[in-house]
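# A structural walkthrough
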Amino acid sequence: MSHTAHIPSHRKPRQSASKTALRAGVAGGMLSTIAIAGAAGPAQAEPVTQTIEMPTITSGLSASVAASAQATKAVALDLEMQAHEDAAATTAAKTAEKAKAEAVRKAEAKKKAEAAAEAEAKAKAEAAERASRSAERTTLSASTGSSSSTPSSSSATGSAASVIAFAQSQVGDAYVSGGTGPNSWDCSGLVQAAFGSVGIDLPRVSQSQSTAGTQVSLDNLQPGDILYWGGAGSAYHVGIYVGGGEFVGAQNSSTGVVQQTLDYDPPSGAVRVL
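Residues numbered from 1 in each chain as written. Predicted model: local features only at pLDDT ≥ 70, side-chain atom pairs only at ≥ 80, totals over all residues. Heavy atoms only, no water.

### Description of the overall build of the protein chain
For the protein chain, the count of helices and strands is six helices and eight strands. Element order for the protein chain, N to C, with α for helix and β for strand: α-α-α-α-β-β-α-α-β-β-β-β-β-β. Sorting the 274 residues of the protein chain into buried and exposed places 23% on the buried side. Partitioning the contacts of the protein chain with sequence separation of at least 6, the portion at a separation of at least 24 is 56%. Accessible surface computed for the protein chain: about 18,600 Å², of which carbon and sulfur atoms make up 59%. (Helix = DSSP H or I, 4+ residues; strand = E, 2+ residues; numbered from the N terminus. Buried < 20%, exposed > 50% of the residue type's maximum accessible area, 1.4 Å probe, protein only. Contact = heavy atoms within 4.5 Å. Areas by Shrake-Rupley, 256 points an atom, 1.4 Å probe, with all protein chains shown as cover.)

Here you go:
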């Protein structure tokens, strides 16, 4: 036995020629099979000579975008139109409100002007009435002065003279229906106050005053007698005889309290209280 140890080699062992030949045969067989399969394919198959285009989607997308843009534009137009309509409505409302305010202002101004005109007319009428009363008072004062010198007027004494003096002092005062003084009277109010000044209490109205005393003839009058117009008990007007063929009475709203002759307004009868 050799003393020399066997050292194994690290090289790959060479393949044997049989294995190499076997591998080459297998490879060649596979290539032959592939070739035969290719030859067995359909004879009419043609090689692809053109590319197939894929369907495009850009046309549909463009149409969608265009439709969306159109819809957006329509909405914008609607909004703009609505804005114009709202603005027009607001303007119309403001115009109507302004016109209403102007109409109210004009109506108030007209009302004030009418009130002012009415007040002015009333003031003028009152001034004219005062002037007329003043002129009438002057005339009546002169008439009273002349009548006081007559025998019948100068013959009044005592209570009759006081009643006459009271009545004559009211000449020129205003006539007011229901008036009882001190500056405005109706006919029976003046007669009642004149006799009340000497303590004689007469009824308030002319109907009752026409029967308050003794009936006397108009041909037999004395100063201080009560004159009445209408029937006794149904008289509608009364006055006081002051002598000299004259009387004092609150006639009407146009003349006020006056002193006139019996011919001015002839009475129907007379009654004597004093």
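Resuming the write-up.
### Focus: the sheet that holds strand E6 (residues 246–252)
Through backbone hydrogen bonds, the strands of a sheet pair up, either in parallel or in antiparallel fashion. Sheet architecture is open: six strands sit in the order E3-E8-E4-E5-E6-E7, paired in antiparallel fashion. The sheet is open, and its two borders are formed by strand E3 (214–216) and strand E7 (256–261), each paired with just one other strand. On average, each strand axis in the sheet is tilted by 35° relative to the strand beside it, whichever way the strands run. Looking at chain direction, strand E4 (residues 226–229) and strand E5 (residues 237–243) are connected through four bridges and run antiparallel. Paired with Leu-227 across the two strands is Gly-239, which belongs to E5. Across the sheet, helix H4 (residues 158–169) lies against E5, E6 and E7, angled at about 115° from E5, the strand it touches most. Packing against the sheet, helix H5 (residues 187–196) makes contact with E4, E5, E6 and E7, and its axis sits at approximately 45° to E5. (Pairing = 2+ DSSP bridges. Axes fitted to C-alpha atoms, helices over the stretch in contact; angles between N-to-C directions.)

### Concerning the pattern of salt bridges
By the definition in use, this model includes three salt bridges. A salt bridge links Arg-272 to Asp-225; the shortest N-O distance between them is 2.9 Å. Of this pair, Arg-272 sits in strand E8 (residues 269–272) while Asp-225 sits in the loop between E3 and E4, placing them 47 residues apart in sequence. Taking the relative accessible area as the measure of exposure, Asp-225 reaches 2% and is therefore buried. (Salt bridge = Lys/Arg side-chain N within 4 Å of Asp/Glu carboxyl O.)

### Considerations on the nonpolar core
Val-191, Phe-195, Ile-226, Ile-240, Val-248 and Val-257 are the most contacted members of the largest nonpolar core, which has 22 residues in total. Looking at this core, the elements that each hand over two or more residues are H4, H5, E4, E5 and E6. Top element by residues in this core is H5. It accounts for five residues. Among the nonpolar cores identified, the runner-up in size contains eight residues, and Leu-221, Trp-229, Tyr-241 and Phe-247 belong to it. (Core = buried A, V, L, I, M, F, W, Y, C linked by side-chain atoms within 4.5 Å.)

### Remarks on the pairing of E4
Taking every second residue as pointing to the same face, both faces of E4 are buried, with Ile-226 and Tyr-228 on one and Leu-227 and Trp-229 on the other. Where E4 meets E8, three bridges bridge the pair, whose relative direction is antiparallel. Of the residues in E8, the one forming a bridge with Leu-227 is Ala-270.

### Quick notes on the pairing of E7
Looking at chain direction, E6 and E7 are connected through six bridges and run antiparallel. Looking at E7, one finds that Phe-247 is bridged to Gln-260. A loop of three residues connects E6 with E7, the two strands running antiparallel in sequence.

### Some points on the packing of aromatic side chains
For the structure on display, the rule yields two aromatic pairs. Aromatic pair Trp-229 and Phe-247: ring centres 5.5 Å apart, planes at 55°, arrangement tilted. Of the two residues, Trp-229 sits in strand E4 while Phe-247 sits in strand E6, which places them 18 residues apart along the sequence. Like Phe-247, Trp-229 is buried. (Phe/Tyr/Trp six-rings, centres within 6.5 Å; stacked < 30°, edge-to-face > 60°.)

Such coordinate-based values are descriptive only and should not be taken to indicate function.
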